[in-house]
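# Summary of the model geometry
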Amino acid sequence: MSASQAGTATAAASGAAATQRFVTDKSDKPSGAATVGKERVDLLAREVIEAVHATIREHKVTYAEYNALKAWLIKVGADGEWPLFLDVWIEHAVEEVANENRSGSKGTIEGPYYVPDAPRLPAEAALPMREGEAGVPLVFRGTVTGADGTPLPSATVEIWQADDAGYYSQFAPGIPEWNLRGTVVAGESGEFAISTIEPAPYQIPTDGACGELIAAAGWHAWRPAHLHLIVSAPGYRTLTTQLYFRGDTHIGDDIASAVKPELILDPVASAGGGREVGYDFALDRE
Ligand code: MBD
Ligand code: FE
């Protein structure tokens, strides 16, 4: 992305887009908020509130600190950053619990920037890209099987990623709608080969409430470069995961705590000047 376009990418705009996405896709769905029963709400809300009280008593939290929290929470909402805040600091624990009994490939968090129904592409395909899309070309190939090795020709591999400047289409201005997003339909043996570019390390927006927290706490805003994937096949548990690149500066201190050793790729140089890498997905049965 050019500097002028990057200059107009604001936390509030990407936050509003991520909030709208969540409300549209998740709020009213079977896995959404509407289906949580009274006993669970009572138990979980009470425990979280009590945990906050315990922290206040232990550290003798002042009114100045309480008011700073209140102001900050109001700003999270105003900036549309609830999806960002939750997915960066909370989702990894939910994912850990949800996937603790998988025997196939490791999952990790979805994050705020998935968009369903990306263009369908054949097993060997390039992701939608701009003319001369910046970045090191990458061919990412592999197979989708069941955890027992059964090839899954009915699988789809949904993939989305940031561009070479660290921006996601539909969450930053000036990028074509489906840029670097696709739904790849596996081949006869569950195989796929996706041509793309290597994503850039990603800095979460620094000009909104989440950035304010990071600065106030003296943290950093970086995620290591990553590919996002949702791999699915009828009769199998859908796998939401991410893949990272060995040697990345922030692989050991992801702000979103979503790196696992099994998710780190080792790409090698390929003839055309780019890089290539293989990764096979194994899905658990439903
Ligand atoms: C991302 O790109 C991301 O993957 C997560 C989890 C949070 C913020 C931005
Ligand atoms: Fe991401």
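You'll find the structure just up there.
Keep in mind the model is a prediction, meaning the values are calculated, not measured. Each chain carries its own residue numbering, running from 1 in the written order of its sequence. Here every chain gets a letter starting at A, and every ligand a number starting at 1, in the order they are written. Local features in a predicted model are, by the rule used here, given only for residues with pLDDT of at least 70; side-chain atom pairs are given and counted only at 80 or more, and totals for whole chains, interfaces and linings are based on all residues. With hydrogens and water excluded, all non-hydrogen atoms of the structure serve as input to the side-chain values.

Below, the discussion takes up the overall build of the protein. Helix and strand assignments follow DSSP, with helices taken as H or I runs no shorter than four residues and strands as E runs no shorter than two, numbered in order from the N terminus. When its secondary structure is counted, the protein shows seven helices and 14 strands. Each radius of gyration reported is based on C-alpha atoms, and the globular scaling rule is 2.2 Å times the count of residues to the power 0.38. Taking 286 residues into account, the globule formula puts the C-alpha radius of gyration at 19 Å, and the protein, at 20 Å, falls close to it. Overall, the C-alpha framework of the protein stretches about 60 × 45 × 35 Å when taken along its three principal axes. Put simply, the protein has 286 residues, and 43% of those count as buried. We call two residues in contact whenever any of their non-hydrogen atoms come within 4.5 Å of each other. A separation of at least 24 residues holds for 73% of the contacts in the protein among residues at least 6 apart in sequence. Surface accessibility in these figures is a Shrake-Rupley result with a 1.4 Å probe; residues are shielded only by whichever protein chains are displayed. Accessible surface, the protein: about 14700 Å² in total, of which carbon and sulfur atoms supply 57%. When charges are counted, Lys and Arg are positive and Asp and Glu negative, with His and the chain ends excluded. For this purpose, a charge sits on NZ of Lys, CZ of Arg, CG of Asp or CD of Glu. Side-chain charges in the protein split into 22 positive and 39 negative, and the spacing between the mean points of these groups amounts to 5 Å. For the exposure calls, accessible area comes from a 1.4 Å probe over protein chains only, and a residue counts as buried if that area is under 20% of its type's maximum, exposed if over 50%, partly exposed in between.

Here the focus is the site of ligand 1. In the vicinity of ligand 1, the contacting residues are L84, V88, I109, G111, P112, Y113, Y168, Y202, I204, R223, H226 and H228. Between H226 and ligand 1, the recorded distance is 3.2 Å, taken from a side-chain N or O atom to an oxygen atom. At the level of secondary structure, the elements contributing two or more residues to the shell around ligand 1 comprise helix 5 (82-89) and strand 9 (226-232). The class makeup of the residues in the shell around ligand 1 is eight nonpolar, three polar and one charged. Note on definitions. A residue lies near a molecule or strand when any single heavy atom of the residue is within 4 Å of it. Under this definition, polar contacts are N or O atom pairs within 3.5 Å; protein pairs additionally need one hydrogen-donor-capable and one acceptor-capable atom, and for neighbouring residues in sequence, both atoms have to be side-chain atoms. Side-chain classes are defined by residue name, with Ala, Val, Leu, Ile, Met, Phe, Trp, Tyr, Cys and Pro counting as nonpolar, Asp, Glu, Lys and Arg as charged, and the others, Gly among them, as polar.

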